[in-house]
Amino acid sequence: MTALIIDGRKLAEQSNLRTKADAESFTKETKRPPSLVMLLIGADAGSKKYLNSKKKLANSLGLDASILEFDEDTTQKDIIDQIVLLNRDSEVDAILVQLPLPSKFDEEKILCKISPKKDVDGLHPELIGRLVLTGDDSCQLPCTPIGILKLVLEGRRQLGESSDLSGLRAVVLGRSNLVGKPSGILLHNHNATLTQCHSKTKDLDDIVKQADILVVATGKPNLITGDMLKPGAIVIDVGITYLDDGKIVGDCDFESCKLVAGAITPVPGGVGPMTMAMLMSNVLICANNNKDK
Ligand code: GUN
């Protein structure tokens, strides 16, 4: 058996088309496009490149997107003052602080300052709290995790299965605030039985073998091989590593995993495009929050 490929680019394109149409309606109604301001702190080349591609995609969908750059000497207070100004600016709908921040900054304190209505990443404790306590998924949800959930549901659809994850074992490898933890919460809210694994987990192979749904977000290239999988599993590979020879690989060894999985995301072309697409649709949620204020 060869796994079905869950095409993140195609799914993202469909979402982006909806966002573009929603942006057009918003612009017609309010006489201005939905707006996103992204803060880049420090000189990390990868982050800068990533933000530029977010800006380019946003512009192509009819969103107004800008990047505010701060060098590493900027103080935490300067950043917070800037966020407070953006919170107050009625023409700014959505705010993003690109992570990771240089180590001298307190990430939690900074993210807490973004108004929950404008937090396009859905990382504010109020939003995460709402997600945990009520399962409310009508507000902005963290972009990669909601992208992962949609990829899981697409895999289920391709396999001819329902979107109800009742009775399925979901295993998430990784517990970061940005990806692992919220992905686990979302799968749990969709009735999967969740096991959240991390670097201190024992008997990882036994746990992985039981996974009907496996989300791998460890940053360890080729950690998961086909022989570790439960046959027919849906595998979502969040990892992306650039090897010295220029090859891009995920956390799963694609060639061996695709012989055992039921459906699998490729790297690249899986989670990455969905993260971007979910960011764009979150801008519209924020813009509508701002409009209804
Ligand atoms: N860095 C890598 N991915 C993300 C993301 O989704 N949001 C933010 N703010 N920073 C990131």
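Anyway, here's the lowdown on the structure attached to this text. What you see is a predicted model, and the numbers here were worked out from it, not measured in a lab.

## Quick look at the environment of Ile285
1) Next: Structurally, Ile285 can be placed in helix α10 (residues 271–291).
2) Next: Separated by 127 residues in sequence, Ile285 and Gln158 place their C-alpha atoms 28 Å apart.
3) Next: Ignoring anything within four residues of it in the chain, the contact list for Ile285 reads Ser138, Cys139 and Gln140.

## Some thoughts on the site of the ligand
1) Next: Surrounding the ligand, one finds Tyr50, Leu96, Val97, Gln98, Leu99, Asp121 and Leu178.
2) Next: In the model, a nitrogen atom of the ligand is placed 2.8 Å from a nitrogen or oxygen of the Val97 main chain.
3) Next: Against a free-state accessible area of 280 Å², the protein chains account for coverage of 87% of the ligand.
4) Next: A breakdown of the residues in the shell around the ligand according to their chemical character gives five nonpolar, one polar and one charged.

## Topic: the sheet that holds strand β11 (residues 263–264)
1) Next: Here we have six strands laid out as an open sheet, ordered β1-β11-β8-β7-β5-β6, and parallel in their pairing. The two strands at the open ends of the sheet, each matched to only one other strand, are β1 (4–5) and β6 (193–197).
2) Next: Across the face of the sheet, helix α7 (residues 180–189) comes into contact with β5 (169–173), β6 and β7 (213–216) while running at roughly 170° to β6.

## Considering the layout of surface pockets
1) Next: Estimated volume of the second largest pocket: approximately 310 Å³.
2) Next: Lining the second largest pocket are 15 residues, and of these Arg18, Ile146, Lys150, Met278 and Ser281 lie nearest its centre.
3) Next: If you list the elements that add at least two residues to the lining of the second largest pocket, you get α1 (8–30), α6 (143–158) and α10.
4) Next: Tallying contributions element by element places α10 first for the lining of the second largest pocket, with five residues.
5) Next: Counted by class, the lining of the second largest pocket contains seven nonpolar, five polar and three charged residues.

## Digging into the side chain of Asp93
1) Next: In this structure, Asp93 sits in the loop between α3 (76–88) and β4 (94–97).
2) Next: A distance of 2.8 Å separates a polar side-chain atom of Asp93 from the backbone nitrogen of Ser35.
3) Next: A polar atom in the side chain of Asp93 sits 2.6 Å from the side chain of Asn290.
4) Next: Dropping the residues within four chain positions of it, Asp93 is found in contact with Phe26, Arg32, Pro33, Pro34, Ser35, Lys117, Lys118, Cys286, Ala287 and Asn290.

## A word on the pattern of salt bridges
1) Next: Considering all chains together, one arrives at 10 salt bridges under this definition.
2) Next: Of the charged contacts, one joins Lys77 and Asp81 as a salt bridge, the two residues approaching to 2.8 Å between their closest N and O atoms. One end of the pair, Lys77, and the other, Asp81, are both in helix α3, four residues apart, so they sit about a helical turn from each other.
3) Next: Since its relative accessible area comes to 55%, Lys77 is described here as exposed.
4) Next: Among the ionic pairs, Asp136 bridges to Arg130, the shortest N-O distance being 3.9 Å.
5) Next: Through salt bridges with shared partners, a single network forms among Glu126, Arg130 and Asp136.

## As for the sheet that holds β4
1) Next: On the basis of which strands lie adjacent, the open sheet formed by three strands has the order β3-β2-β4 and parallel pairing. The open sheet has two free edges, formed respectively by β3 (64–70) and β4, since each of these has just one partner strand. Across the sheet, the mean angle from the axis of one strand to that of its neighbour is 20°, orientation sign disregarded.
2) Next: In terms of strand pairing, strand β2 (residues 35–41) meets β4 through four bridges, oriented parallel. Opposite Leu39, over in β4, you have Val97 as the bridge partner.
3) Next: Strands β2, β3 and β4 of the sheet are contacted by α3, whose axis makes an angle of about 180° with β2.

Thresholds applied
Residues numbered from 1 in each chain as written. Predicted model: local features only at pLDDT ≥ 70, side-chain atom pairs only at ≥ 80, totals over all residues. Heavy atoms only, no water. Helix = DSSP H or I, 4+ residues; strand = E, 2+ residues; numbered from the N terminus. Contact = heavy atoms within 4.5 Å. Near = heavy atom within 4 Å. Polar contact = N/O pair within 3.5 Å; in protein donor to acceptor, adjacent residues only side chain to side chain. Areas by Shrake-Rupley, 256 points an atom, 1.4 Å probe, with all protein chains shown as cover. Nonpolar A, V, L, I, M, F, W, Y, C, P; charged D, E, K, R; others polar. Pairing = 2+ DSSP bridges. Axes fitted to C-alpha atoms, helices over the stretch in contact; angles between N-to-C directions. 1 Å grid on protein atoms, 1.4 Å probe; cavity = no way out; pocket = protein on both sides within 12 Å on 5 of 7 lines; lining within 4 Å. Points joined across faces, edges and corners; volume = space filled by probe spheres on them. Salt bridge = Lys/Arg side-chain N within 4 Å of Asp/Glu carboxyl O. Buried < 20%, exposed > 50% of the residue type's maximum accessible area, 1.4 Å probe, protein only.

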